[in-house]
Amino acid sequence: MPSFALDGQEIVFKPGQTILEASIAAGHYIPHLCWHPKLSPHGSCKLCTVQVNGRLCSACTFPAADGQEVISASEELRQLRLRLTQMLFVEGNHFCPSCEASGQCELQAMGYYLGMTDGHFPHFFPRREIDASHPEVLLDRDRCIFCELCVRASRAEGKNVFELAGRGIHTRLVVNSPSGRLGDSALQAQDLAARVCPVGAIVLKETAFRVPIGRRRYDHKTIAEVSLEQEAPLVRAHWQEANHE
Amino acid sequence: MSKVKIATCSLAGCFGCHMSFMDIDERLLELAEVADFDRSPLSDIRQIGSCDIGLVEGGVCNAENVEVLRAFRRNCRILVAVGACAINGGIPALRNRYDLGDCLEEAFLTGLGVTDPKVPGDPELPLLLDKVHPIHEVVKIDYFIPGCPPSAEAIWTALSALTSGNIPQLSHQRIRYD
Amino acid sequence: MSEEVRQAVAEAVGRYGKERSAVLAVLRALQKRFGYLPMHALDEVAKALELPLAQVQGVAEFYSFLAMRPQGQYRVFFSTCIVDEFKGRAALQERLCARLGVPPGQTRADGRVSVNEAACTGLCDQGPSLLVNGWPIARLTPESIDAIACFIDQGVPLEEWPREWFAVQDSFRVRGLQLNAPWRSGAALKRALRHGPEFLLRELEVSGLRGRGGAGFPTAAKWRYCREAQGERCVVCNADEGEPGTFKDRELLKHCADQVFEGMTLAAWATGAQKGFLYLRGEYEFLWPHLEQVLRGRRRRGLLGRNLCGLAGFHFDIAVVVGAGAYICGEESALLNSIEGRRGTPRNRPPYPVTHGLCGQPTVVNNVETFFSAALIALHGGAWFAQAGTAKSRGTRLFSISGDCAWPGIYELPWGISVQEALELCGADDALGVQVGGPSGAFVGPRDFHRRLAFEDLPTGGSFMVFSRQRKLLDIVENFSAFFAHESCGFCTPCRVGTQLQLKLVRKLRRGWGTLGDLQELERLGQVLEASHCGLGHTAAHPVRTTLAAYPEVYQAALREIDFSPGFDLDAELETARQLTGRFADHLAQE
């Protein structure tokens, strides 16, 4: 079996796997926000940046290869990931105290994981539109981090409800309906696209405090622990199925 | 050994962080043994003198906030941002999505039930800034204690490190943004 | 209007087809017709092309030249290339806006005109310049601005404006090996067909030709990889010449389009491709009719089309695809996405275009100049080409020289020439420095004028901008930082946010508010930018880094001797409240 070294530890992988898939399947967490085990990898958040044979690469898209030297757990990379997380915080309007996703939010949990205590950079305070037109789903663009998980999920579901428009810092999430409003789109609450948002940009209405604060996903566990508990089995199952085919 | 001098203030905040500070409960007595309070709502001293540690709650929303914050920076060896509002503007910064001129006009000139339309201009009232800013955008900040409010444990952890001359380090469990 | 829109969409779709790849051309046609792209027009396009509306919107909003709000009947873009800036762009634009009574970035109430800014439009050898409805007007003066304002005000149709206004001067200053070489249309192709693809690839190998876009990948190897890959191969010419200070492709396409198309056809012969595309930057739309004419001529002579040159089974044709204002589309995988009718964001690599390019098929993407050189090499031989240049940078190349020099223009020079020699040739003495390779390249100060333009030392896509000692270094850095912030596609976090933060810090320094901490912060930001998705982000910190290396004292002099100062204008933020309360005496000091 081919293998690579992740921070000095041997990771056996299956041909076709990315560095991130192989690492998570082997029980080693690499930070990530725009990656989801059920969706095609994207490589945009750059949280999963690792050094592969000395070069910076996105672990979620970079193919694993025999004999690679991969570094993920260095102080230099923690610092990089901290800065990237802070960039995501300051470019949007992330006010955790008033956000119903607090405690379930991957961006917030990433901040905790990386020891982030402040935004470091000046805040942008952008003005973005909120869309409450859908009976079951709320779209709060203030909290969008452009990971495109909803875009990819909705594409996979054949509905194409979400898309990115604009360019650069003016990039924004748009909705596929003639009015541009979520209420006029084909989105349903049970769609993966409505549930895959890692932050509080797309949230289900009337469910905000069903899980009380103190019992939320990241209240007592780190994002690394949750990822290995929930995502690792999905990756393993996926690659087992792929092998049977 | 002389006592450590601490000053605290609340800028555009709700005093919730101060309340949480009070929640260190009987440890306040421990703190009193090693520290004195300079300017603070806890001491009623109005003018800040030379201090070791300044704790600032709240963001910067007006000219007075800027001046108080600068006085703290000038007088404190170590300046700490306490709580969400100081760190990212917090709830008061929700007003940043609106234009200040529109807000003042609606509130004082054109809104429902306005009599004697006039934007209050008494010199006692500080002029508002267009946006509420985190304090690290206005002066240099040494340490941050996040939370809305930060838990008494987080405040105590940071403060006991600082009063004993150490760098405050918050564990995963102590870092919260809500 | 809605019936008119439906009709216009039907016409455009009739002309450009129902494929997804037609979307940009259709949107461009509608933009031209209506002056903007109203949502209901996007909806019609979506229906006609059977695409989700949001995807059409995503494409439409990506490009600078497509607008979601009504633009003027005359749509003016001033080039903000630093060279044009230093020649007085701002004052000329202000003059035009004042004459026309329209603020920049807005459309005049009567819908007559809008005046905007664009990144370098590729006319810096004869700037300042503007584009009006896609047509370039160079060598602007206050007098020509006044005349333009007059014509716009009177609503004179563009066709009736004096033709000489739109003249783009020829600017070959120095012709060398390649520009002096004899050329006969079809001769290179026939020679290659006679000797076979392997012969052609050998000649290219012997020539040592490396990609002229800037990265310098060996051309023969690229063609060979594509030849060996399985699938419906494709040849793409990258004419999205967007690096500020470059304009050689403009002249090549004007004068040597036949060589370029022959180079593409040779690539098709070597790789077995049947389809070719030339992706022309939107700023060069004025060259489009000429290119189509050259293509028609080649088809007529049997040099394009089916059974090319009478060789049974050799089918190849070329289509021109026109962009709409996005520097990032010069990145090869973003360019492929743009041709496919997607947002022009760069793709993940691997896989590379040679195996997974256009529509996932093996694709050769080369620069205009690379195809031009390949055609000449096929005709005159690899050894002929390799006689010039250095060991790792064979041949000559076209340098676009602009800025503070006596003779701006295009210089064909052998690789390995020093910066100093190039400065002497173009008539520049006492230069503050030279920007080699555009904003993504390097600023070279006098201490390094002995360095050589070659892959071994200073690699470059050919942009060579000269700055005299009258110029302020931080003006240059701000212009380049603003360029990257404007052109970042927004796909990845470090570049989307980092280029904005970098711009804020550079502006702070330039205003004289910077501290040593800000300088250190800029250096750290540069490290974060290295984690970006593509070359734009990787090079976005080069202007700061290379100018800092050349002139640390300029930065030092701009710093305040305090350890912190706010990054925003504190007192300006009181202005709204001051106005509404009438307390005009109340102010805040910046620090």
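Computed from a prediction, not measured in an experiment: that's the story for all the values here. (Residues numbered from 1 in each chain as written. Chains lettered and ligands numbered in written order. Predicted model: local features only at pLDDT ≥ 70, side-chain atom pairs only at ≥ 80, totals over all residues. Heavy atoms only, no water.)

Brief notes about the overall build of chain B
No. 1: Looking only at helices and strands, chain B features six helices and seven strands.
No. 2: Along its sequence from the N terminus, chain B presents helices and strands in the succession β-α-α-β-β-β-α-β-α-α-β-β-α.
No. 3: Projected onto its principal axes, the C-alpha positions of chain B cover 60 × 35 × 30 Å.
No. 4: Burial analysis of chain B (178 residues in total) assigns 52% to the buried set. (Helix = DSSP H or I, 4+ residues; strand = E, 2+ residues; numbered from the N terminus. Buried < 20%, exposed > 50% of the residue type's maximum accessible area, 1.4 Å probe, protein only.)

Details of the domain arrangement of chain C
No. 1: With domains assigned, chain C is organised as domain 1 (2–62), domain 2 (74–169), domain 3 (174–386), domain 4 (398–468) and domain 5 (474–561).
No. 2: The C-alpha centroid of domain 5 of chain C is placed 38 Å from the C-alpha centroid of domain 1 of chain C. (Domains from an automatic or database assignment.)

Comments concerning the sheet that holds strand β7 (residues 275–280) of chain C
Residues and elements named next belong to chain C.
No. 1: Strand order in the open sheet formed by four strands is β8-β7-β6-β9, and the pairing between neighbours is parallel. Two strands bound the open sheet, and with one partner strand each, they are β8 (317–322) and β9 (363–367). Strand-to-strand twist across the sheet, computed as the mean angle between neighbouring axes with direction ignored, equals 20°.
No. 2: Bridge analysis of β7 against β8 gives six bridges, and the strand direction is parallel. (Pairing = 2+ DSSP bridges. Axes fitted to C-alpha atoms, helices over the stretch in contact; angles between N-to-C directions.)

Topic: the side chain of C:Arg112
All names here are of chain C.
No. 1: Checked against the element boundaries, Arg-112 lands in the loop between α6 (89–100) and β2 (113–118).
No. 2: Salt bridges are absent for the buried Arg-112, whose nearest opposite-charge side chain, Asp-153, sits at 5.0 Å.
No. 3: Side-chain polar atoms of Arg-112 contact the backbone oxygen of Ile-152, separated by 2.9 Å.
No. 4: Once residues lying within four places of it in the same chain are set aside, the contact partners of Arg-112 are Gly-72, Gln-73, Tyr-74, Ile-152, Asp-153, Gln-154 and Gly-155. (Lys, Arg positive; Asp, Glu negative; His and termini not counted. Salt bridge = Lys/Arg side-chain N within 4 Å of Asp/Glu carboxyl O. Polar contact = N/O pair within 3.5 Å; in protein donor to acceptor, adjacent residues only side chain to side chain. Contact = heavy atoms within 4.5 Å.)

Quick word on the interface of chain B and chain C
No. 1: On the chain C side, the residues contacting the 26 residues of chain B number 20 residues.
No. 2: Of the roughly 1800 Å² buried between chain B and chain C, counting both surfaces, carbon and sulfur atoms make up 66%.
No. 3: Together, B:Arg70, B:Leu127 and B:Asp130 form the three largest contributors to the area buried by chain B at its contact with chain C, with a combined 32%.
No. 4: Counting the contacts that link chain B with chain C gives zero salt bridges.
No. 5: One can count eight residue pairs in polar contact (both at pLDDT 80 or more) joining chain B with chain C.
No. 6: Of all the secondary structure elements, the ones that give two or more residues to the side of chain B that touches chain C are α3 (63–75), α5 (100–110) and β6 (128–133) of chain B.
No. 7: In the side of chain B that touches chain C, the residues fall into 14 nonpolar, four polar and eight charged. (Buried area = accessible area lost by both parts, 1.4 Å probe. Nonpolar A, V, L, I, M, F, W, Y, C, P; charged D, E, K, R; others polar.)

Some points on the packing of helix α2 (residues 27–34) of chain B against helix α6 (residues 152–163) of chain B
All names here are of chain B.
No. 1: Relative to each other, α2 and α6 sit at 20°, their axes nearing to 12 Å. Classified by the interaxial angle, the pair formed by α2 and α6 is roughly parallel. Seen along the crossing, α2 lies across α6 with a hand that is left-handed. Each of Arg-27, Glu-30, Leu-31 and Val-34 in α2 lies in contact with α6, whose residues at this interface are Glu-153, Trp-156, Leu-159 and Thr-163.
No. 2: In terms of residue class, the contact of α2 with α6 is made up of four nonpolar, one polar and three charged. (Parallel < 35°, antiparallel > 145°, perpendicular 65-115°, else oblique. Left-handed = near helix turned anticlockwise from the far one by under 90°.)

Some thoughts on a negative patch on the surface
No. 1: A cluster of like negative charges, contributed by B:Asp23, B:Asp25, B:Glu26, B:Glu30 and B:Glu33, occupies part of the molecular surface.
No. 2: Considering the arrangement of structural elements, one finds B:Glu26 in the loop between α1 (16–22) and α2. (Patch = residues over 30% accessible without salt bridge, like charges linked within 9 Å, V, L, I, M, F, W, Y side chains within 5 Å. Areas by Shrake-Rupley, 256 points an atom, 1.4 Å probe, with all protein chains shown as cover. Charge placed at Lys NZ, Arg CZ, Asp CG, Glu CD.)

Let's talk about the interface of chain A and chain C
No. 1: Between chain A and chain C, the residue contacts involve 39 residues of the former and 40 residues of the latter.
No. 2: Approximately 3100 Å² of surface area, both sides summed, lies buried where chain A meets chain C, with 59% of it carried by carbon and sulfur atoms.
No. 3: It is A:Lys46, A:Met87 and A:Arg167 that lose the most area in chain A upon contact with chain C, and together they represent 23% of the buried surface on that side.
No. 4: One can count three salt bridges joining chain A with chain C.
No. 5: A salt bridge links A:Arg167 to C:Glu487, with the shortest nitrogen-to-oxygen separation between them at 3.3 Å.
No. 6: One can count 19 residue pairs in polar contact (both at pLDDT 80 or more) joining chain A with chain C.
No. 7: At the level of elements, α2 (75–91), β8 (162–165) and β9 (172–175) of chain A are the ones that each hand at least two residues to the side of chain A that touches chain C.
No. 8: Within the side of chain A that touches chain C, the residues separate by chemical class into 19 nonpolar, 12 polar and eight charged.

Things to note about empty space enclosed by the protein
No. 1: Applying the stated rule across the entire model yields six cavities of 30 Å³ or more.
No. 2: What lines the largest cavity is a set of 15 residues, among which A:Phe89, A:Met116, B:Ile87, B:Asn88 and B:Tyr177 lie closest to the centre.
No. 3: For the lining of the largest cavity, the element with the most residues is helix α4 (residues 84–88) of chain B, which contributes three residues.
No. 4: Grouping the amino acids of the lining of the largest cavity by side-chain chemistry returns eight nonpolar, six polar and one charged. (1 Å grid on protein atoms, 1.4 Å probe; cavity = no way out; pocket = protein on both sides within 12 Å on 5 of 7 lines; lining within 4 Å. Points joined across faces, edges and corners; volume = space filled by probe spheres on them.)

Examining the nonpolar core
No. 1: Counting residues in hydrophobic clusters, the biggest one holds 178 residues, and the most contacted among them are A:Phe162, C:Trp223 and C:Leu278.
No. 2: The next biggest cluster of nonpolar side chains, apart from the first, holds 59 residues, and it includes C:Ala8, C:Tyr63, C:Phe484 and C:Cys495. (Core = buried A, V, L, I, M, F, W, Y, C linked by side-chain atoms within 4.5 Å.)

Thoughts on helix α8 (residues 187–195) of chain C
Residue and element names in this part refer to chain C.
No. 1: The complete set of buried residues in α8 reads Ala-187, Ala-188, Leu-189, Ala-192 and Leu-193.
No. 2: On its buried face, α8 is in contact with α9 (197–207), α12 (257–271), α13 (288–300) and α15 (368–380).
No. 3: One or two steps after α8, the chain reaches Gly-196, where phi turns positive at roughly 95°.

Concerning the sheet that holds strand β10 (residues 202–204) of chain A
No. 1: Taking strand neighbours across the sheet as the criterion, the three strands line up as β6-β7-β10 (chain A) in an open arrangement whose pairing is antiparallel. Looking at the sheet topology across the chains shown, the edges are occupied by β6 (130–131) and β10 of chain A.

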